[in-house]
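Residue-level listing of the chains:
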Amino acid sequence: MNGLLIQPNASPFTFPQANFTHLPNEIGANEEYVYQEGDINQPSNFLAAILAVSGPTTTTASPVIATTNSPAVTTTAAPRTVVGPVFIFVRLVFHTNNTVPSESDVLAKGSPFLNVDEIRLNDTVRVQNLTYERISDNSFALSLAYKINDVTFPENVTLRTETQARIQDSVNKLMNGLLIQPNASPFTFPQANFTHLPNEIGANEEYVYQEGDINQPSNFLAAILAVSGPTTTTASPVIATTNSPAVTTTAAPRTVVGLSDNSFALSLAYKINDVTFPENVNLRTETQARIQDSVNKLL
């Protein structure tokens with residue numbers, strides 16, 4: 001991350017901890033950084049070019065805040081509120097025993113059913129079409145973005161705990177609507193990560209599909225599973241991280257996503273070949289620490 005975003009001789013910046021996903025023979029590190037003016041005093045040529053084309057940035061955005069379901073914060077005076085959109089960014093990760101299906105096959109099979117299953121999603125509107133990302137020979141991801149209009153929330157981002165709890169409920173309903181049959185027992189999906197701007201909120205929801213989670217898949221999910229073939233069932237959920245030494249990386253394609261009228265995201269993927277790590281995913285803490293160090297050096 002320092003290599004991507006900071007000049008070579010500048011003081012390094014410590015970036016947020018990555019979230020890790022584990023398979024028997026591979027590990028993924030998902031690193032999200034919300035740029036804030038003041039974090040980086042000497043931007044790399046790449047970052048400087050992005051900042052030049054994006055114009056002045058919003059400096060009041062808060063860092064990613066973990067979600068809890070605690071009661072609303074009480075204050076002596078009613079907090080000032082704003083009305084704005086909430087964006088829900090969904091990323092579905094699939095690990096297969098076979099070589100991953102092609103982008104055209106996945107989109108052709110899944111998209112028609114997606115349009116039907118979305119009829120049940122009353123308060124959300126899709127703002128990004130289904131996109132496909134090949135992660136490795138045996139894993140791929142699908143991404144979607146949804147928008148909830150005219151949500152009222154506190155202007156002060158530190159007072160948005162109750163708002164986040166309500167949004168998490170909407171995320172869970174959205175995920176159940178997308179992935180589970182209407183009359184099936186609901187599934188509780190992972191907590192989203194939230195990003196805050198003065199007049200909008202983003203909820204980033206990643207779910208790694210595991211066989212057994214969903215007994216009655218929606219038509220959309222059933223179509224994806226049919227084209228992807230048998231899935232790897234030993235993937236562990238996201239595990240939190242720590243820091244330490246590094247390895248070398250090779251790059252993959254980049255994408256740009258417009259999040260709203262005032263925000264956008266750039267995504268890149270890198271690969272580190274031939275890393276040795278324990279087969280037991282519960283024993284990979286030291287490996288995660290080494291990968292976190294690589295993430296920080298990369299940025």
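Note that the coordinates shown come from a computational prediction; the quantities given were computed from them, not determined experimentally.

**Considering the environment of Y33**
1) Next: Tracing the backbone through its elements, the reader meets Y33 in the loop between β2 (26–30) and α2 (45–54).
2) Next: Residues Y33 and L299, spaced 266 residues apart in sequence, show a C-alpha to C-alpha distance of 9.4 Å.
3) Next: Apart from residues no more than four positions distant in its own chain, Y33 is found in contact with M1, L5, F13, F15, P16, D39 and I40.
4) Next: A polar side-chain atom of Y33 sits 2.7 Å from a polar atom in the side chain of D39.

**Quick word on unusual backbone geometry**
1) Next: Not every positive phi belongs to a glycine, and D150 is a case in point at roughly 55°.
2) Next: Looking at where D150 falls in the secondary structure, it is placed in strand β6 (residues 139–154).
3) Next: Classification of D150 by relative accessible area gives exposed; the value is 64%.
4) Next: With a phi angle near 55°, D274 is a residue other than glycine that sits in the positive phi range.
5) Next: Structurally, D274 is set in the loop between β11 (263–271) and α6 (285–298).

Each value, and the rule that gives it
Residues numbered from 1 in each chain as written. Predicted model: local features only at pLDDT ≥ 70, side-chain atom pairs only at ≥ 80, totals over all residues. Heavy atoms only, no water. Helix = DSSP H or I, 4+ residues; strand = E, 2+ residues; numbered from the N terminus. Contact = heavy atoms within 4.5 Å. Polar contact = N/O pair within 3.5 Å; in protein donor to acceptor, adjacent residues only side chain to side chain. Buried < 20%, exposed > 50% of the residue type's maximum accessible area, 1.4 Å probe, protein only.

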